[in-house]
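Spelled out, the chains give:
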Amino acid sequence: MSGKLTFTMIKPGAVEKEYIGPILKMINENGFHIVAMKLLQLTIPDAKAFYEVHKERPFYNSLVESMTSGPIVAAILEKENAVEAYRKLIGATDPSKAEEGTIRKLYADSIEANAVHGSDSDENAIIEGNFFFSTSDKFFKG
Ligand code: GDP
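Here the structure is a predicted model, which means the values were calculated and not measured.

*Asks:* I keep staring at the layout of surface pockets and nothing clicks. Help me out?
*Replies:* A water-sized probe rolled over the atoms picks out the places where empty space is left. When its volume is computed, the largest pocket comes out at roughly 600 Å³. Tyr51, Val53, His54, Leu63 and His117 are the residues nearest the centre of the largest pocket, which is lined by 23 residues in total. Looking at the lining of the largest pocket element by element, the count peaks at four residues for helix α7 (residues 122–132). Taken together, the residues that form the lining of the largest pocket break down as nine nonpolar, seven polar and seven charged.

Here is the structure:
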């Protein structure tokens, strides 16, 4: 059975452009409840650890630089089938390929500065939630 929780970040470029409000509005209007949220700036070691799965990719250093360039919003979102529903709402990684009306189509600048992160599996949602929220276990255990 699919889980009810997913993890998101609003990335530095979108925070800088004052898109926190519009993106949270879309999140709420699409039926997600925000169960945890904070605004913070990632350190380089934080960003390297969060994106470690991509460490062999050519864009890794640039991604780490971009993700540490300013504050982000980290949040845990609740909805039935949360991971899949949120991936659909954010759209494709590359905003030029994202569907009309998706968060990335509306608010992303590029494939790297693509406005938001969304977990790609229930397992990663738990790992990523725990990365940012020391109390997130209580949400994931219900
Ligand atoms: P996501 O699950 O849609 O966020 O995509 P991935 O897990 O594949 O990639 C993680 C993040 O790395 C993306 O959200 C982008 O910020 C960045 N990224 C992915 N592919 C590329 C790429 O080809 N070039 C650059 N510069 N960044 C990328």
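Let us keep going from here.
*Asks:* I would appreciate a short explanation of helix α4 (residues 60–67) in the present structure.
*Replies:* Here α4 has its buried residues at Tyr60, Leu63, Val64, Ser66 and Met67. The arc enclosing the buried residues of α4, seen along the axis, measures out at 165°, which places them on a common side. Looking at α4, the residues exposed on the side facing more than 90 degrees away from the buried face are Asn61 and Glu65. The inward-facing, buried residues of α4 contact β1 (5–10), α1 (12–16), α3 (44–50) and β3 (72–78).

*Asks:* Can you help me understand the environment of Pro95 in this one?
*Replies:* By the secondary structure assignment, Pro95 is in the loop between α5 (82–90) and α6 (103–107). Dropping the residues within four chain positions of it, Pro95 is found in contact with Arg104, Lys105, Ala108, Ser110, Ile111 and Asn114.

Definitions and cut-offs
- Residues numbered from 1 in each chain as written.
- Predicted model: local features only at pLDDT ≥ 70, side-chain atom pairs only at ≥ 80, totals over all residues.
- Heavy atoms only, no water.
- 1 Å grid on protein atoms, 1.4 Å probe; cavity = no way out; pocket = protein on both sides within 12 Å on 5 of 7 lines; lining within 4 Å.
- Points joined across faces, edges and corners; volume = space filled by probe spheres on them.
- Helix = DSSP H or I, 4+ residues; strand = E, 2+ residues; numbered from the N terminus.
- Nonpolar A, V, L, I, M, F, W, Y, C, P; charged D, E, K, R; others polar.
- Buried < 20%, exposed > 50% of the residue type's maximum accessible area, 1.4 Å probe, protein only.
- Arc of directions from axis to C-beta.
- Contact = heavy atoms within 4.5 Å.

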